[in-house]
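# Observations on the three-dimensional arrangement
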Amino acid sequence: MCVRTPELSIGNSDVSSIGNGTDAWGWEQVLWFGMGERLRMGLWAPGDPLPASLTEMLDYFRLRGVRPVAYVYPILAFLAGTLPGGASPPWVVHGTYSSSDLATKRLGLGPMRSDLASPALQQWLPKTMRRFADQTGAGGFSFDYTYFEQGSPGGRPWRSQYAQWSGWRAILAALQQPKACAGRQCVVDNRQANHAWGPWMWAEGGTYAEPLQSDEQPGSWMFYEADLKTDRLSANRQRETAWSYRVQSFAPAEVVPGFALHQTDRDVSPAQKNVTAGPGCPRGGGTGRCAELSRRRDFDLLGYRYSLLSAVGTGGANLVLNMLPARDEGEFAAFPAEDVAFFRQWLEWTDRSRDLVASTRVLPSTSRPAAGSLDGVSLLRQDGSCTGAIFAFSPTATPLNLSLALDASLGCSPPHPSSGVPRLLLLRQIGSSDRSEPAGGWARQLLRAGDALALTVPPTTALALELEPFDGASLVAPLVLGAAAGAASLSADGALSLTRVVGEQGAAAELTVLLPPHGPGAVSRATLNGKVVRFDALPPLDGRPPAVRIRGAWAGERFGRAHEIVAAGGFSGGRWTGTFSVPAAVLEQLAARNRSYDLSYDLDPNSNDEANVPWLAPGRLLIWAKYQPLLNDSFNAAGSIDGTPLLMRKAYNTIAPSRARFIGHWADVTRLIKPGVQQTLALQLPPGLKPQGVHFENVESLLSDEAALLQGTEELPHLRTPRGVEEAT
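Everything quoted here is computed from the prediction, not taken from an experiment.

What counts and how
- Residues numbered from 1 in each chain as written.
- Predicted model: local features only at pLDDT ≥ 70, side-chain atom pairs only at ≥ 80, totals over all residues.
- Heavy atoms only, no water.
- Helix = DSSP H or I, 4+ residues; strand = E, 2+ residues; numbered from the N terminus.
- Buried < 20%, exposed > 50% of the residue type's maximum accessible area, 1.4 Å probe, protein only.
- Polar contact = N/O pair within 3.5 Å; in protein donor to acceptor, adjacent residues only side chain to side chain.
- Contact = heavy atoms within 4.5 Å.
- Phe/Tyr/Trp six-rings, centres within 6.5 Å; stacked < 30°, edge-to-face > 60°.
- Salt bridge = Lys/Arg side-chain N within 4 Å of Asp/Glu carboxyl O.
- Disulfide = S-S within 2.5 Å.

Moving on: unusual backbone geometry. For residues that are not glycine, phi is negative in most cases, and the peptide bond is trans in most cases. For Ala182, which is not glycine, the phi torsion reads 55° and is therefore positive. Within the secondary structure layout, Ala182 lies in the loop between α5 (161–175) and β6 (187–190).

Looking now at the side chain of Lys626. Within the element layout of this structure, Lys626 appears in strand β27 (residues 622–626). The exposure class of Lys626 is buried, given its relative accessible area of 1%. Looking at Lys626, its side chain comes within polar contact range of the side chain of Thr396, at 3.3 Å. Apart from residues lying up to four places away in sequence, Lys626 is in contact with Glu225, Ala226, Thr396, Ala397, Pro691, Gln692, Gly693 and His695.

Here we take up the packing of aromatic side chains. One pass over the full model with this rule turns up 32 aromatic pairs. A centroid spacing of 6.4 Å and a plane angle of 85° characterise the contact between Trp32 and Phe78, whose relative ring orientation is edge-to-face. Taken together, the positions of Trp32 in the loop between β1 (7–8) and α1 (36–40) and Phe78 in the loop between β2 (69–72) and β3 (92–94) put the pair 46 residues apart, joining distant regions of the chain. When its relative accessible area of 1% is taken as the criterion, Trp32 is described as buried.

Glancing now at the pattern of salt bridges. With the rule as written, the count across this model stands at 24 salt bridges. A salt bridge links Glu338 to Arg435; the nearest nitrogen and oxygen atoms lie 3.9 Å apart. In this pair, Glu338 is assigned in helix α10 (residues 337–352) and Arg435 in the loop between β13 (424–432) and β14 (442–448), connecting sequence segments 97 residues apart. For Glu338, a relative accessible area of 43% corresponds to the partly exposed category. In this structure Arg435 comes out as buried when scored by relative accessible area, which is 15%.

This paragraph deals with the state of the cysteines. Per the stated rule, a full pass over the model turns up two disulfides. Between the sulfur atoms of Cys181 and its disulfide mate Cys186 the distance is 1.9 Å. Torsion about the S-S bond of the Cys181 and Cys186 cystine: about 95°, corresponding to right-handed handedness. Given a relative accessible area of 0%, Cys181 falls into the buried group. For Cys186, a relative accessible area of 3% translates into the label buried.

Right, here's the structure in full:
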């Protein structure tokens, strides 16, 4: 996996120090690859020698074909007081935006800034950036801290906010010239309030629009549905943003951003407040943010796939990746090979499918991403063939049904011999955020143009689907629909063999096996994973090939994603009770995850933040009370399993507790589970407070390769085929 244009925000004590910063946010020391402070003070300019420590890093990037993007604050007071007699360039003015105490005390001028409406700045800044890119090999610039202001009480008057908007657009336009960044097109990344400046700014003044329509730190934006996985919360926000750009601003796919994973919370948590002052944290841990306290171990192993598929599906033209497992050496070393392959698969798919990405549309049957609602996009070819990809997302803790007509609402044309529009379409699942799903995908349904595609999206799951033309005459081997299959073969005497076929434990099994045209006239015998099974023969209809159908149920107890513990009797607030039984396979799955993701977490809740962050230590079995509408954290909860008290914690979408980002109450119950035994969970909640649901977390689908297969599901009334599956099959 290779990200060709990473944003590089580095603190380099050779050339910069947080103590010299003049911005209110405390990050000037990382700007311009660490050279920003010296550039502002007139101590260095592009073309002057670079420090050896930075040169070594840039040489390595060139060796690997990587073009880093520099982080820049364009309104800092560049070259203030550096001209003869202590004068400043004409763009330096008094500002009204907040500035750090350090700036006020050191410069003695109060808040100073550069006026974006200044023609002189509009010449100097892009020229300086282009020279900087030529010298360092920078692939572009990421802009933040861009305030438009209008005058200043007591300061000299200066031009309107519109003049600054126009001036900033002119500066960005100068970077959009061909080969402006070291001989190539600049990547121009705009943050903070860029989305509010209108489409004329983000469509022409940058590579893409602002990914989350806010600062990316989780404390800066609100989620619409609670979830213990921060990457899923971030993904839901990203899709809501992409929907807004497409539907409300008519943005083309070329400028809509994806944003995968999450930005680490930078605010100081209770466990960090005791950190003493040091070079990277001169004011100590108790005041504000500092480099030494920025969490390194923060990767969301069970949430990132959902987020990556969300970004690929709804913003694939501009993939912004955040929080890769590379800041913590332990996370980097433990990152499983299967996850490296998953990342690579979808980055390569996006590059390979740029024609589909350019055609991204909101599914007509879905609404704005919202609590309890399924949403999705189509990426279909614009030739009427109804071929391409569909991405569907369930942000909630319950399954959601998708019904989608393959008709003109999706741009699908009726089949006709002269049009080249296929009569039959094969629906394949090519990706899922569920780690248990087979990596190679599987065939789900065979559809006719005009049919309604119907399927169920599991809780908190992202699905990637592909529609491709199907021609039964080209089949050379049996094709299994309805489950992932390793291999299928049909012998000359009609013996059908299906191997390495898996399905979800306890779920209804509905397999249709399409038969190749050149072979025995009928199936005489069928085996599934080595066991003889009964089947029904299905005649060829409407151009479909002959087939056989195998129906029944997958062996094992059903215990799916976000498994809900149902309250005993009614519940109106106060004491809540429910019973549950956890299959042994759940604990086996967690143990296997701990082996494959071999990281040692400090699970002492009084030691550091790791134990209290619900997306870390993914080998734990958690329960959590989910609330809708979302609440603040002003109330407490208590709980027990079989009378043994639980440590009920408060979950936040931040590492530092933030009342406004409260997710719900949760507990680690791993050590209290007795596999296969009915147990009782009791919760004590404030009177009148009713949770939307109480769920298990950290469990992926449990798969089985054994089936109790019967001639028809009428013999299993408790295992009816899920809605939509039977009709489509």
